[in-house]
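# An overview of the molecular structure
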Amino acid sequence: MSSYEYLPQNESSLDDIRSETLIEKDSGSLKLMFSLVDLTTLNTDDTASKVKVMCEKMNDFPGQFPGYPLVGAICVYPSLVPVVHENLIVKHVNIASVAAGFPSSQTFPEVKEIESRMAVEAGANEIDIVISAGKFLNNELDYVSAEIRQIKKAVGDAKLKVILETGLLPDPSAIYRASMVSMESGADFIKTSTGKIQPAATPEAVLVMCHAIKFFMEQTGRKVGIKPAGGISTAEHALEYASIVKGVLGDEWLDPGLFRIGASRLANNLLSEIFSMETGTQQEISYF
């Protein structure tokens, strides 16, 4: 397993990015943020009927909000993937499933592989898994890598998002190392957090992850996506993360194919702000 050292002195800093105000807040930029959202429900009391209603609202969305983009994906637990697959009619919205013992990742590797494969067989085309944080913190990097490779093989062409759970990692070097191990092992996206542990997404963690993605692309030619998730609820939060991504990786990453935002409340807040900007009327929209 390769060893990587994080050397931030040669990279863009948060202060640099914030001082440049890379993305202005307007209806166009907020619609872009909306297109990056993974509309997520990951609660213990989730039900088939709740997820079916979410799908029906997504199906009706183009008629209710003409000219607005669709979200990037609907993200649910594995057992609810069939509900999304059966009820989501609108095109170009992906079906994402957490898997592999989410959110703790504390189960047998064989179970992780089977659950991930079953989620794809049920209709998911994106799989979000959590790195084995305990193994990683114990410096068992070969184990971590082998597990990710095994799951990537199991899910085939489905996009694999690897959650680093950055709130558990002690410093930027650990976040950088976890990013590199995940990408080397086949991750299509690296993601900050499950949202179940605090702190969840932070600008500092996303900056380090972007630097890792940039280095990995320069070394391999492969473009890996990034997904901040957990605690992102306002337009300002979303734009800050987008500005970091743009500042380090460029405009090409401001696309659902390479950038997602995991959130449950953000979509409605974005819709409210877009509506207010375009109509001049303050109105709280609670569509989803």
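These lines cover the structure that appears in this document, whether it is placed above or below. (Residues numbered from 1 in each chain as written. Predicted model: local features only at pLDDT ≥ 70, side-chain atom pairs only at ≥ 80, totals over all residues. Heavy atoms only, no water.)

Attention shifts here to the overall build of the protein. Per the secondary structure count, the protein includes 11 helices and eight strands. Whereas a compact globule of 288 residues would reach a radius of gyration of roughly 19 Å, the protein reaches 18 Å, a difference of no more than 12%. In terms of overall dimensions, the protein has a C-alpha envelope of 55 × 45 × 30 Å along the principal axes. Here the protein, with 288 residues, has 52% of them falling under the buried criterion. At a minimum sequence separation of 6, the contacts of the protein that also span at least 24 residues come to 75%. Total accessible area on the protein stands at roughly 12,400 Å², and carbon and sulfur atoms take up 49% of it. One way to put it: in the protein the 25 positive side-chain charges average out to a point 4 Å from where the 37 negative ones average out. (Helix = DSSP H or I, 4+ residues; strand = E, 2+ residues; numbered from the N terminus. Rg over C-alpha atoms; globule rule 2.2 N^0.38 Å. Buried < 20%, exposed > 50% of the residue type's maximum accessible area, 1.4 Å probe, protein only. Contact = heavy atoms within 4.5 Å. Areas by Shrake-Rupley, 256 points an atom, 1.4 Å probe, with all protein chains shown as cover. Lys, Arg positive; Asp, Glu negative; His and termini not counted. Charge placed at Lys NZ, Arg CZ, Asp CG, Glu CD.)

This paragraph deals with the sheet that holds strand 5 (residues 159-163). In a beta sheet, neighbouring strands are held together by backbone hydrogen bonds and run either parallel or antiparallel to one another. On the basis of which strands lie adjacent, the open sheet formed by eight strands has the order 7-6-5-4-3-2-1-8 and parallel pairing. Looking at the sheet topology across the chains shown, the edges are occupied by strand 7 (225-227) and strand 8 (261-263). Neighbouring strand axes in the sheet, compared pairwise and without regard to direction, differ in orientation by 25° on average. Across three bridges, strand 1 (residues 37-40) lies against strand 8 in parallel orientation. From the neighbouring strand, Val37 faces strand 8, where its bridge partner is Ile261. (Pairing = 2+ DSSP bridges. Axes fitted to C-alpha atoms, helices over the stretch in contact; angles between N-to-C directions.)

What follows concerns helix 7 (residues 141-155). With 15 residues, helix 7 should reach 21 Å at 1.5 Å per residue; the first-to-last C-alpha distance of 21 Å fits that figure. For helix 7, every residue scored as buried is listed here: Leu141, Val144, Ser145, Glu147, Ile148, Ile151, Ala154 and Val155. In this structure, the buried residues of helix 7 make contact with helix 5 (109-121), strand 4 (126-130), helix 6 (133-137), strand 5 and helix 8 (172-184). Looking one or two residues beyond helix 7, the residue adopting positive phi is Gly156, at roughly 60°. (Expected span 1.5 Å × (residues − 1).)

So, on to helix 8. Along an α-helix, residues three or four positions apart point the same way, because every turn accommodates 3.6 residues. Here helix 8 contains 13 residues, and its C-alpha end-to-end distance of 18 Å stays within 8% of the 18 Å for a straight helix at 1.5 Å per residue. Taken residue by residue, helix 8 has Ala174, Ile175, Tyr176, Ala178, Ser179, Met180, Val181, Ser182 and Met183 as its buried positions. Considering only its buried residues, helix 8 is in contact with helix 6, helix 7, strand 5, strand 6 (189-191) and helix 9 (203-220). The N-terminus of helix 8 is capped by Asp171, whose side-chain oxygen sits 3.2 Å from the backbone nitrogen of Ser173. Looking one or two residues beyond helix 8, the residue adopting positive phi is Gly186, at roughly 115°. (Polar contact = N/O pair within 3.5 Å; in protein donor to acceptor, adjacent residues only side chain to side chain.)

Once that is clear, we can look at the pattern of salt bridges. Counted according to the given criterion, the structure contains 19 salt bridges. Bridged by salt links that share partners, the residues Asp38, Glu126, Asp128, Lys161, Lys191, Lys227 and Arg260 form one connected network. (Salt bridge = Lys/Arg side-chain N within 4 Å of Asp/Glu carboxyl O.)

This part covers the pairing of strand 2 (residues 73-76). Residue alternation in strand 2 divides its side chains into two sets, Ala73 and Cys75 and Ile74 and Val76, and both sets are buried. Pairing analysis gives three bridges linking strand 1 to strand 2, with the strands arranged parallel. Following the sheet pairing, Asp38 is matched in strand 2 by Ala73. Note on the crossover from strand 1 through helix 3 (residues 48-64) to strand 2: the handedness is right-handed. Here four bridges tie strand 2 to strand 3 (residues 94-98), and the two strands are oriented parallel to one another. Residue pairing across strands places Ala73 opposite Asn94, the latter belonging to strand 3. In this view, the connection linking strand 2 to its parallel neighbour strand 3 by way of helix 4 (residues 81-87) has right-handed handedness. (Right-handed = clockwise from strand over helix to strand, strands pointing away.)

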